[in-house]
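# Residue-level structural notes
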Amino acid sequence: MIAGFFFLIFFTEENNNGNCGYNDVVKFLNLKKDNDKYTLTRPVKNYNTVTEVLHLMKVFGILDMVKTEQIFISYIWVFLRWKNEHISWNPKEFCGLESITIPTELLWMPDLIIEEMTEKDKATTNPFLTIYSNGNVSFRNDHVVVSTCKMNVYKFPFDSQSCNLSFKSMTHTPREINLKTLENDKVITRWSKDLIETQDEWEFLDITVNNQTSDLDRFQSMLVYTITMKRRSVLYIANFILPILFFLILDLVSFLISDSGGEKLSFKVTVLLAVTVMQLILNDILPSSSDKVPLIALYCIGVFTLMMLSLLESILVMHLIDKDSATQNNKTDGDQSLSE
Amino acid sequence: MIAGFFFLIFFTEENNNGNCGYNDVVKFLNLKKDNDKYTLTRPVKNYNTVTEVLHLMKVFGILDMVKTEQIFISYIWVFLRWKNEHISWNPKEFCGLESITIPTELLWMPDLIIEEMTEKDKATTNPFLTIYSNGNVSFRNDHVVVSTCKMNVYKFPFDSQSCNLSFKSMTHTPREINLKTLENDKVITRWSKDLIETQDEWEFLDITVNNQTSDLDRFQSMLVYTITMKRRSVLYIANFILPILFFLILDLVSFLISDSGGEKLSFKVTVLLAVTVMQLILNDILPSSSDKVPLIALYCIGVFTLMMLSLLESILVMHLIDKDSATQNNKTDGDQSLSE
Amino acid sequence: MIAGFFFLIFFTEENNNGNCGYNDVVKFLNLKKDNDKYTLTRPVKNYNTVTEVLHLMKVFGILDMVKTEQIFISYIWVFLRWKNEHISWNPKEFCGLESITIPTELLWMPDLIIEEMTEKDKATTNPFLTIYSNGNVSFRNDHVVVSTCKMNVYKFPFDSQSCNLSFKSMTHTPREINLKTLENDKVITRWSKDLIETQDEWEFLDITVNNQTSDLDRFQSMLVYTITMKRRSVLYIANFILPILFFLILDLVSFLISDSGGEKLSFKVTVLLAVTVMQLILNDILPSSSDKVPLIALYCIGVFTLMMLSLLESILVMHLIDKDSATQNNKTDGDQSLSE
Amino acid sequence: MIAGFFFLIFFTEENNNGNCGYNDVVKFLNLKKDNDKYTLTRPVKNYNTVTEVLHLMKVFGILDMVKTEQIFISYIWVFLRWKNEHISWNPKEFCGLESITIPTELLWMPDLIIEEMTEKDKATTNPFLTIYSNGNVSFRNDHVVVSTCKMNVYKFPFDSQSCNLSFKSMTHTPREINLKTLENDKVITRWSKDLIETQDEWEFLDITVNNQTSDLDRFQSMLVYTITMKRRSVLYIANFILPILFFLILDLVSFLISDSGGEKLSFKVTVLLAVTVMQLILNDILPSSSDKVPLIALYCIGVFTLMMLSLLESILVMHLIDKDSATQNNKTDGDQSLSE
Amino acid sequence: MIAGFFFLIFFTEENNNGNCGYNDVVKFLNLKKDNDKYTLTRPVKNYNTVTEVLHLMKVFGILDMVKTEQIFISYIWVFLRWKNEHISWNPKEFCGLESITIPTELLWMPDLIIEEMTEKDKATTNPFLTIYSNGNVSFRNDHVVVSTCKMNVYKFPFDSQSCNLSFKSMTHTPREINLKTLENDKVITRWSKDLIETQDEWEFLDITVNNQTSDLDRFQSMLVYTITMKRRSVLYIANFILPILFFLILDLVSFLISDSGGEKLSFKVTVLLAVTVMQLILNDILPSSSDKVPLIALYCIGVFTLMMLSLLESILVMHLIDKDSATQNNKTDGDQSLSE
């Protein structure tokens, strides 16, 4: 009796707010940390109902692109919305309250992953999601994604690269979870262009979205975002390509130096040494992964070969001149001895 | 009955302290690890009440600034204060106790993040917050923030950089959480100047605070702190700019060397080789991200070009002298044969 | 009474779905986060029953292979299936529902590890597994595996490497957990060849599977996948082997330069210097772990020795010529003085 | 009744040990994982009681000191002791048991942090603490501390550095937690000298302890340990300072080479090139953070300038000799033509 | 009544297995995740009983040894066995079941750490331990241990190193936990030799075990495993020592070059330049921590000094020859003028 009395008092005090608090809805829905109904299984009343997950991704930054390990690091923003059939309330009964923000651990969430991701998400995970009175659940989150990206460095440093981020459910089949994008390519590209601040050495071009099924199992619905970027090559030109070109010009001009003295050879071999030092830089900046030799390595090897050939030619010419003068000397000597 | 008796004894024993312990308030408020009322939702009685979060940031240290990846690492101290409407007690009933320090997991906390942050906080998180008898909650914490920062390295190494740290709620709209700064720019700058110990190669200039709305969703209230720093360029001058200038002077002075011997060419090409070795350092210290070629690369390329041109000129002059002397010799020979 | 009445209402409302929800099966099986029956021990009714774990691995990517530390980083996809004797339901009673996807923490899982793994899995762990009405449990997961791999770099950069990934239970004996592969070598190799996107500098050749017992304890059933790869050597040839060959040719051709002037020595020693600079690259790319000197180091040392010997020979020849001409001069002087 | 009977049996069986087990005290104190009395608040009966925390730190190793980022990594051992007023038992009633080791999560612990710490503790945290019958609690733990340290590298590599480790409570005021050191400077220094095994390139000198209040808030009691170290400079001398000195000597001695031939210039410029190569090492070992140019950079720049000036002088002298001989030649020519 | 009836049915169904399941023993022992009896304190009935922990370690791999930071990374396998006095059952009552594998969180475990460990264990932790009917508990686990190791690099690269791994309890005194090794040195060495696959550049020699008390507190029982290894120096010889020796030979042979021309000086200074380039490699491979200069640095400095002295001598000789010929010329001139 007394307990009931206190309960009444408590109830009354709580109701002073007129059911306008978040806690009222939470109590109505019986949301608790250990309520297995909300957390264990996909929130549908009939298992044949497909959970449609609306998905939106914006690229916030291109943080890095590690050539040598074919790694692409991006900073993205993801928005998800799906229907939870266990959630529903009448906003009118709660002072018009239409949405509540609650901790994510209270509800089931789709097990979306990015197939290309090779490291755990480095960004802080959003601890909250928002539920709406009609049962919709929305979740927005930032991700720093370290993903693999097959790069083609043949045209380095004048190359463009396309990297995929493939969102899919880890376990659920398309009959359970179906992924759909909220917006089309153009809108996403425009938004991302506005947002992107840091692009490292890469210039963001565009994003496209495709609905596919996973190659791995052919079991999951998959949303593939393809990000296309262009490398900014201006520094590679200034630091590597131009100096080597300069050395090539020097080598060519060195043909003007007379063959008689030793300075021509010494000049040419020093220029060759300078190109060798530049190759230390090439070894630093070039990925080692490609099947074909990149054009820049060919360029370097080409300059190298040209300079070596010109050196060989110089040595040969000098050798011939030497021999010639030797025979001439001999002849002259012969002539002299003859004339004598 | 017996249970009640023991309860009485227990109650009496506890009350020996005269309600002066923290536990008394904790019991009064019914604070527990599994009390969903305190942890699940924003602590307002009417959902239309906005939670005002007062915010203060001091910069404790500028740890690093990674040019090549446009990353800014800072060590900051953050103070937050907001109102929890579920908390309130009369200090007089508890021996004048006005504040308690309790574990953070007992209460809802605003989901503030730093938009630019690309790695999880590396500092130890404060496990405690403080509640006051009037319902105020205060929380202070240290953060080691790894954030992206768009740098302009055009004037490197004489550049200044401004990096933003944008605090915002991850999920809550401005009608739910409203961020305000506790102090103005001047006070924060002064405090930070006093505090900053390690500044790496950067000299801290000032901080400004701005209230904005997020670019990402236009949904969240955002507090943008802008930290401005100046690079200490003295070592770059000593290690890179001066030596290259020296080499340029050497190259110019080398015009005094007579063109006849081979030593002029050999001298100049060795100086060029030394500049090439310096370019290994440039490749090390220069970010590869910029759109425009930085001045220092232009400087390096300029010196390079000047030295190459002077080399070309030398070769040409030597070639012409050679030719000239050859024709003179021919002429002399002709004269001689003529005179003979 | 009233409680019972509400319960009835609740029960009726729930049953409106006709037992077609996942929650109905979950309740039937009494699956809860704290149900020790499901989580504490191996899910067999008689302890003599062996739990057969069917295992399948596909290689999704070869991320890196750190020569200097003998580390192999791969991105794999693993599928497991085993029998849980505590789980069983009649699909007909639940509208034909045959499988449910539930959080992994609800059930016991085999404690499989990869013996060679030296860092914690970096990929996001799948939070869900699937249970079937006949008691089968299936679990699929991605792993980024950092494993040790004994490499033989003798033939570097023309080497092939074989790395093992040995799956085994950490604690259970073969009488408790027995590992079996689902498919044979050919199928796994074909699948992996289709899947592999990034191969870094490595070309994937094939996978083989073997059933072994662990070397460590001889206690556990073990499934050893051996991945064989071939290094793509084209860039090493272009960047290192070719330039050094060029320098060797230059050194050999330099014998054509006349011994009289000083340019021959100066030329040869500069070429030697260039090879020394190349050795900086070798120091960068070569692992320091091997017992035998790798062929490439022998190649480098060989070229070095040849060039040094040719230099010594040149110096000797020049010395002899000098001496010869000196004695000749002496003789001539003697002749002259004699003739005088 | 039957339950009671079983309970009696159980009770009897337990008491066979005569209250000599740890579990008896644990039960007496009602220590449980969810006992909020022990974990939520500072363990005092009256909130005005200050909790005195006795603190002791020994340095176990100086692991690293990253010059370029001003980071100091140390391995320390910390001992804490404080009073928990809720804990007390009579050892006589429990067979003389005076202390128990229990998991740390059962009790409140002071929220001590190290102010300079910029990364989470890397060492394994001690999961146990020890409680004594008089209410004392002691906790010992190892920490690998990554902390910032303002270094002065002006005298590099002959510098000494002092790094602070400031222990303080994150939230509690001096009226709540008061830090005191258990031992004086001398004892700590002596202990640490005995313990330190790895010192990297640093020689440990001494530790001093000071009681301060935090600069950050002026709210917390703080214990500042200052560790002083001396750099071992022997390798820097051997690898960098000596070779550069050698080059300077070579350059000075080169004045003995006759100005006539080209070899003097070529010699000097090659020595200058060697110093340029050494500058690659300087760029590697020198921190970029300082305000003043370090002495070693001045040394390097000084040598550089000296060598350049000597080169300029040589060129000038050669030029003047050339000119002189040219005019002399002209004169001689004039004389000859005159004499003719 | 009805509840009881269902319970009977349930009970019967469960007993169909005849008490042969693991769950039967788990229920008998009342093992649960929140059973404080098993997890809170050392599992002895009388607190005076010492818990003897039998310990066995095998080295599975030597992963890395970072010279510059004195870090030793090993991959080890550890086996522990101790007595839990609260656990005991009669196997006969459970179909002969003698051991069960259960999650580690159900039981107290000794708080063993490795004193030298400076980073958290990187390997996956074993989630299961095995309990036996007589109360024995066994636990096996893999560890990737990053530990400090005082290295003596005086003889580098021909050095051997001994690294300790000291296992001890963090909190318990020898009267509480006593560590004993299961096998002697020989057996452990033999096992480890069989197991070790990757040894990086190190050749494993042997392991010894010692029982000590901790230096840190003199409070804990400690088991010190000492691992002795030998560095494989073959690559250091090929890449560094041989080339420098070659350069020294070249320098010595250069005395054969005639002093008259400038080529001798130019040759010698270029060889010196090549040694300077090699010093870049030395700076890379040599630890900076030692008190004494390592032999290899002395070797390098020695070669350097020799080459410099030989250069100085050459310059001096050339200078004297020059002077001599000048005075001779003067004399000759004098003679000539005299004779005229």
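So, here's what we can say about the structure. (Residues numbered from 1 in each chain as written. Chains lettered and ligands numbered in written order. Predicted model: local features only at pLDDT ≥ 70, side-chain atom pairs only at ≥ 80, totals over all residues. Heavy atoms only, no water.)

### Considering the state of the cysteines
Such a bond, covalent and formed between the sulfur atoms of two cysteines, is termed a disulfide. By the definition in use, this model includes ten disulfides over all chains. Each disulfide pairs two cysteine sulfurs, and for B:C149 the partner residue is B:C163, the sulfurs being separated by 2.0 Å. Where B:C149 bonds to B:C163 through sulfur, the torsion about that S-S bond is close to -85°, and the disulfide is left-handed. Taken together, the positions of B:C149 in the loop between strand 6 (136-148) and strand 7 (160-169) and B:C163 in strand 7 put the pair 14 residues apart, joining distant regions of the chain. Just as B:C149 is buried, B:C163 falls in that class too. Each bonded cysteine in chain A gets a number by its place in the sequence, and the pairs come out as 1-2, 3-4. As a non-bridged cysteine, D:C300 has E:C300 as the owner of its nearest cysteine sulfur, 17 Å distant. Judged by relative accessible area, which is 0%, D:C300 ranks as buried. (Disulfide = S-S within 2.5 Å. Helix = DSSP H or I, 4+ residues; strand = E, 2+ residues; numbered from the N terminus. Buried < 20%, exposed > 50% of the residue type's maximum accessible area, 1.4 Å probe, protein only.)

### Examining the packing of helix 5 (residues 234-253) of chain D against helix 6 (residues 263-285) of chain E
The geometry of a pair of packed helices is captured by two quantities: the angle between their axes and the separation between those axes. Remark: helix 5 of chain D packs on helix 6 of chain E, axes separated minimally by 11 Å, with the N-to-C direction vectors making an angle of 165°. Here helix 6 of chain E runs roughly antiparallel to helix 5 of chain D, going by the angle between their axes. Crossing hand, helix 5 of chain D versus helix 6 of chain E: left-handed. Contact residues: helix 5 of chain D offers D:A238, D:N239, D:P243, D:F247 and D:L250, while helix 6 of chain E offers E:L272, E:T276, E:Q279, E:L282 and E:N283. Looking at the contact of helix 5 of chain D with helix 6 of chain E residue by residue, the classes come out as six nonpolar, four polar and no charged. (Axes fitted to C-alpha atoms, helices over the stretch in contact; angles between N-to-C directions. Parallel < 35°, antiparallel > 145°, perpendicular 65-115°, else oblique. Left-handed = near helix turned anticlockwise from the far one by under 90°. Contact = heavy atoms within 4.5 Å. Nonpolar A, V, L, I, M, F, W, Y, C, P; charged D, E, K, R; others polar.)

### A short note on the sheet that holds strand 1 (residues 51-66) of chain E
Residue and element names in this part refer to chain E. Spatial ordering of the open sheet is given by 3-5-6-2-1-8, a layout of six strands whose pairing is mixed. Looking at strand neighbours, the two that pair on one side only are strand 3 (99-103) and strand 8 (177-181), the edges of this open sheet. Here the average twist between neighbouring strands, direction ignored, is 30°. Bridge count between strand 3 and strand 5 (residues 128-132): five bridges; the pairing is antiparallel. Bridging from a neighbouring strand, I102 pairs with L129 of strand 5. (Pairing = 2+ DSSP bridges.)

### Some remarks on the interface of chain B and chain A
With 71 residues of chain B at the interface, the matching set in chain A holds 72 residues. Summing the contributions of chain B and of chain A, the shared interface buries around 6,100 Å²; its carbon and sulfur component is 64%. Counting across the interface, chain B meets chain A through zero salt bridges. Residue assignment for the side of chain B that touches chain A shows that the elements contributing at least two residues are helix 3 (36-39), strand 4 (112-114), helix 6 (263-285) and helix 7 (295-339) of chain B. Partitioned by chemical class, the residues of the side of chain B that touches chain A number 32 nonpolar, 22 polar and 17 charged. (Buried area = accessible area lost by both parts, 1.4 Å probe. Salt bridge = Lys/Arg side-chain N within 4 Å of Asp/Glu carboxyl O.)

### Quick look at a negative patch on the surface
Among the surface-exposed residues, A:D34, B:D34, C:D34, D:D34 and E:D34 lie close enough to one another that they form a single negatively charged patch. Positionally, C:D34 belongs in the loop between helix 2 (22-29) and helix 3 (36-39). (Patch = residues over 30% accessible without salt bridge, like charges linked within 9 Å, V, L, I, M, F, W, Y side chains within 5 Å. Areas by Shrake-Rupley, 256 points an atom, 1.4 Å probe, with all protein chains shown as cover. Lys, Arg positive; Asp, Glu negative; His and termini not counted. Charge placed at Lys NZ, Arg CZ, Asp CG, Glu CD.)

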